[in-house]
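Tertiary structure, described
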Amino acid sequence: DGVAALPAPQNLSVHSINMKHLLIWSPVVLPEEKVYYSVEYQGEYESLYTSDIWIPSKWCSRTEGPECDVTDDITATVPYSLRVRAILGSQTSAWSILEQPFNRNSTILTPPGMEISKDGFHLVIELEDLGPQFQFLVAYWRREPDTKEHAKVVRRGGIPVHLETMEPGALYCVKAQALVKAIGRNSAFSQTKCVEVQGEALPL
Amino acid sequence: MKNVLRWDPPDSLQGAAVTYTVQYFIYGQKRWLNKPDCKNISRTYCDLSDETSDYEHQYYAKVKAIWKTNCSRWTETGRFYPFLETQIGPPEVALTTDAKSISIVLTAPDKWKRNAEDCTISMQQIYSNLKYNVSVYNVKSKRMWSQCVTNHTLVLSWLEPNTLYCVQAESFVPGLPRRAEPSQKHCISTLEDPTSALK
Amino acid sequence: LRRCLAFVDMRHLEESFQGIKRAIQAKDTFPNITILSTAETLRSIKPVDVCCVTKSLLEFYMDRVFKDHQELKPQALRTISSVANSFLYMQKALQQCQVQRRCPCSEEATNATRMVYDNYDQLEVPSAATKSLGELDVFLAWIAKNHQKTSPA
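Rules of the game
Position labels on residues start from 1 in each chain and follow its written sequence. The order in which chains are written sets their letters, starting at A; the order in which ligands are written sets their numbers, starting at 1. Totals for whole chains, interfaces and linings use all residues, but because this is a predicted model, local features are given only for residues with pLDDT of at least 70 and pairs of side-chain atoms are given and counted only at 80 or more. Side-chain measures were taken over the full set of non-hydrogen atoms in the model, leaving aside hydrogen atoms and water. By the criteria applied, helices consist of DSSP H or I runs no shorter than four residues and strands consist of E runs no shorter than two, each listed in order from the N terminus. Here the radius of gyration uses the C-alpha set of atoms, whereas the globule reference equals 2.2 Å times the residue count to the power 0.38. To sort residues, take the accessible area from a 1.4 Å probe on protein chains only and compare it with the maximum for the residue type: under 20% means buried, over 50% means exposed, and anything in between is partly exposed. Whether two residues are in contact is decided by their heavy atoms: any pair within 4.5 Å suffices. His is not counted here, nor are the chain ends, while Lys and Arg score as positive and Asp and Glu score as negative. A single reference atom marks each charge: NZ on Lys, CZ on Arg, CG on Asp, CD on Glu. Among buried residues, those of type Ala, Val, Leu, Ile, Met, Phe, Trp, Tyr and Cys that are joined through side-chain atoms within 4.5 Å constitute a nonpolar core. On a scale of 0 to 100, pLDDT captures the predictor's confidence in every residue. Any two strands are treated as partners once DSSP identifies two or more bridges connecting them. For every element, the axis is a line fit to its C-alpha atoms; helices are fit only across the contacting stretch, and the angle between N-to-C directions ranges from 0 to 180 degrees. Computed with a 1.4 Å rolling probe, the buried area is the accessible surface lost when two parts are put together, summed over both parts. Take a side-chain nitrogen of Lys or Arg and a carboxyl oxygen of Asp or Glu: if they are within 4 Å of each other, that pair is a salt bridge. Polar contacts, as counted here, are pairs of nitrogen or oxygen atoms within 3.5 Å of one another; within protein the pair requires one atom able to donate a hydrogen and one able to accept it, and residues that are adjacent in sequence qualify only if both atoms are side-chain atoms.

Take the overall build of chain B next. From N to C terminus, chain B includes 3 helices and 14 strands. Against the 2.2 N^0.38 benchmark of 16 Å for 199 residues, chain B shows a C-alpha radius of gyration of 24 Å, more extended than a compact globule. By principal-axis analysis of the C-alpha atoms, chain B measures approximately 85 × 40 × 35 Å. A burial count over chain B gives 44% of its 199 residues as buried. Counted over contacts in chain B with a minimum sequence separation of 6, partners at least 24 positions apart contribute 61%. Measuring between centres, the 24 positive side-chain charges of chain B sit 6 Å from its 20 negative side-chain charges.

One finds Leu 23 of chain A, Ile 104 of chain B together with Phe 66 and Phe 87 of chain C to be the most contacted residues of the largest nonpolar core, which totals 104 residues. Considering every element that reaches this core, the biggest residue donor is helix 2 (residues 50-68) of chain C, with 11 residues. Those residues in contact with Ile 104 of chain B that lie beyond four places of it in its chain are Val 93, Ala 94, Leu 95, Val 134, His 152, Thr 153, Leu 154, Leu 156 and Val 167 of chain B. Formed by 26 residues, the second largest nonpolar core is a distinct cluster that contains Ile 116, Leu 123, Leu 127 and Ala 176 of chain A.

Bringing the confidence of the model for chain B into the picture now. Looking at chain B, pLDDT values average 91 and 96% of them are 70 or higher. The ipTM assigned to the predicted complex is 0.88, against a pTM of 0.89.

Neighbouring strands of a sheet are bound in pairs by backbone hydrogen bonds; such pairs are parallel or else antiparallel. Residue and element names in this part refer to chain A. If you trace the 3 strands from one edge of the open sheet to the other, you get 1-2-5, paired in antiparallel fashion. At either end of the open sheet lies a strand with only one pairing partner, and these are strand 1 (10-17) and strand 5 (67-69). Strand-to-strand twist in this sheet, taken as the mean axis angle between neighbours without regard to direction, amounts to 15°. Judged from the 6 bridges that link them, strand 1 and strand 2 (residues 20-26) form a sheet pairing that is antiparallel. When the bridges of strand 2 are listed, Ser 16 appears paired with His 21.

Another aspect to go through is unusual backbone geometry. Residue and element names in this part refer to chain A. Each neighbour pair has its own omega, and for Gly 65 with Pro 66 the value is 0°, a cis peptide bond. Assignment of secondary structure puts Pro 66 in the loop between strand 4 (55-56) and strand 5. In this structure, Asn 18 takes a positive phi of about 50° despite not being glycine. Inspection of the secondary structure assignment puts Asn 18 in the loop between strand 1 and strand 2.

Residues and elements named next belong to chain B. In space, the 3 strands of this open sheet follow the order 8-9-12, with antiparallel pairing throughout. In this open sheet, the two strands that pair with only one neighbour each are strand 8 (92-97) and strand 12 (153-156). With strand direction ignored, the average angle separating the axes of adjacent strands in the sheet is 20°. In the sheet, strand 9 (residues 102-107) pairs with strand 12 via 4 bridges, with the strands oriented antiparallel. From the neighbouring strand, Ile 104 faces strand 12, where its bridge partner is Leu 154.

Turning our attention to the pairing of strand 11 (residues 134-142) of chain A. Residues and elements named next belong to chain A. Taking burial as the measure, the 9 residues of strand 11 include 7 buried ones, the bulk of the element. Sheet topology note: the strand 11/strand 14 (residues 171-180) ladder contains 9 bridges and is antiparallel. If you follow Trp 141 over to strand 14, its bridge partner there is Cys 173. For strand 11 and strand 12 (residues 150-154), the ladder comprises 5 bridges, and the chain directions are antiparallel.

Let's shift gears to the interface of chain B and chain C. Contacts between the two partners involve 25 residues from chain B, matched on the other side by 29 residues from chain C. Counting each side, the surface lost to burial between chain B and chain C is near 2,200 Å², with a carbon and sulfur contribution of 49%. For the interface between chain B and chain C, the tally reads 6 salt bridges. On inspection of chain B and its partner chain C, the count reaches 13 residue pairs in polar contact (both at pLDDT 80 or more). Looking at the side of chain B that touches chain C, the element that brings in the most residues is helix 1 (residues 82-85) of chain B, giving 3 residues.

Written as structure tokens, this is what we have:
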């Protein structure tokens with residue numbers, strides 16, 4: 001009888017940016033009471049093959065909420081159902097279930113942060129470290145009429161990577177986009193950044 | 001694929017004249033097998049590379065201690081899967097230089113072999129998508145950059161003359177969660193620029 | 001098969017399995033029996049049969065192993081769920097791939113799969129499921145090896 005007294009959390013939704021997935025909900029507000037929450041999930045496999053099984057979230061089996069980082073729970077590119085309930089002492093509310101199952105392939109991918117520098121004639125790029133799921137497609141070219149654009153896949157961010165050996169007197173431009181193989185998608189390109197190499201241009 | 005079983009002596013018998021005997025088991029086979037030259041040994045390791053050379057099989061090993069007339073129970077390893085668990089050593093790194101460039105030649109590490117005259121198998125043959133991460137450090141500018149390389153040669157051109165560069169490389173296999181072991185640092189200086197001497 | 005499973009993050013799958021491998025394999029008390037028979041079965045699969053065997057073994061794990069295995073520890077439960085849902089994704093990717101290209105099942109491929117089911121049925125269900133889970137690293141390594149050419153530099 002006491003179970004129904006505690007209201008269930010409402011307005012569940014998932015905010016997902018760059019493969020970081022945050023489940024949020026409206027808190028249950030009770031005067032002078034500390035309400036906790038418990039989050040569970042079910043992948044499409046469970047819903048098809050073992051529908052009675054719900055799995056406790058890695059980080060939010062008992063959390064102060066009203067949000068939960070479910071990134072380590074959502075580890076496959078299939079729809080996931082998520083549910084939350086409130087806990088007050090020994091009371092637990094009914095489960096609130098996310099209206100639409102969440103698939104990580106809907107995550108928002110932002111253009112990566114990018115720093116370019118040179119060491120002598122060597123063009124070096126360092127991309128934002130967005131985590132192990134991310135690779136980067138880097139496009140670079142020499143700024144001159146009908147130049148050819150080159151592309152290179154960089155396996156991870158956070159370390160300086162050699163891009164090109166430049167010729168003196170030329171201007172080189174670079175842009176990059178994030179790639180997430182696990183969902184088969186990529187971000188928009190970053191802004192273009194250019195760097196110039198001193199020295200006389202080579203005789204043609 | 002050099003696979004060595006190691007263990008610690010029993011706490012209670014530190015310094016005593018303890019000997020050890022090792023056996024191994026091929027997962028899916030029927031019986032534990034003896035390792036003749038690891039029977040009643042006093043060292044605390046046993047090279048099982050030969051017995052585990054088929055890297056696509058999985059293995060267990062166990063060891064027991066013998067002291068005077070007493071015999072301990074066996075201590076057993078978990079299941080060992082060489083193909084996934086062996087560490088891939090760094091490539092050999094050879095550098096040559098001229099005034100403005102350094103040529104790097106990488107040679108994949110070799111698979112362990114019992115005798116020097118046995119035929120050599122490169123780890124590249126086992127992991128055909130083996131790649132290398134090459135890090136280059138300009139000692140003068142204190143700048144470092146890295147490059148992912150698939151083939152065995154890399155030429156760094158348009159370098160600064162008369163400058164010391166240090167190169168380090170590690171092998172890795174995409175897709176397999178494995179710690180990479182970097183090579184030693186190889187340093188070499190680019191030569192004087194002959195043209196600058198003329199100016 | 002090479003392009004079909006290009007979007008599967010094998011590294012994450014293997015890393016998460018490594019986390020529970022020791023615990024799962026320690027529960028396997030029949031080291032003289034294998035389900036996937038490493039050397040005999042998977043290694044002898046010809047390239048033309050890889051698609052069919054992959055599809056069959058994904059079904060084997062999803063229809064039998066993951067359902068039969070009773071798991072209580074949350075970390076193991078999460079890892080098995082991660083693998084199961086990734087296998088479901090792979091199965092869908094293979095099905096889409098099959099629309100464009102054939103996924104033939106030769107007699108050898110069918111026999112190889114039947115041997116796996118026969119090995120499984122040799123044991124009590126809980127033991128068979130635990131043993132099959134303990135051999136996931138073999139299956140994952142086999143999948144990675146058969147579609148490794150698609151991974152970028």
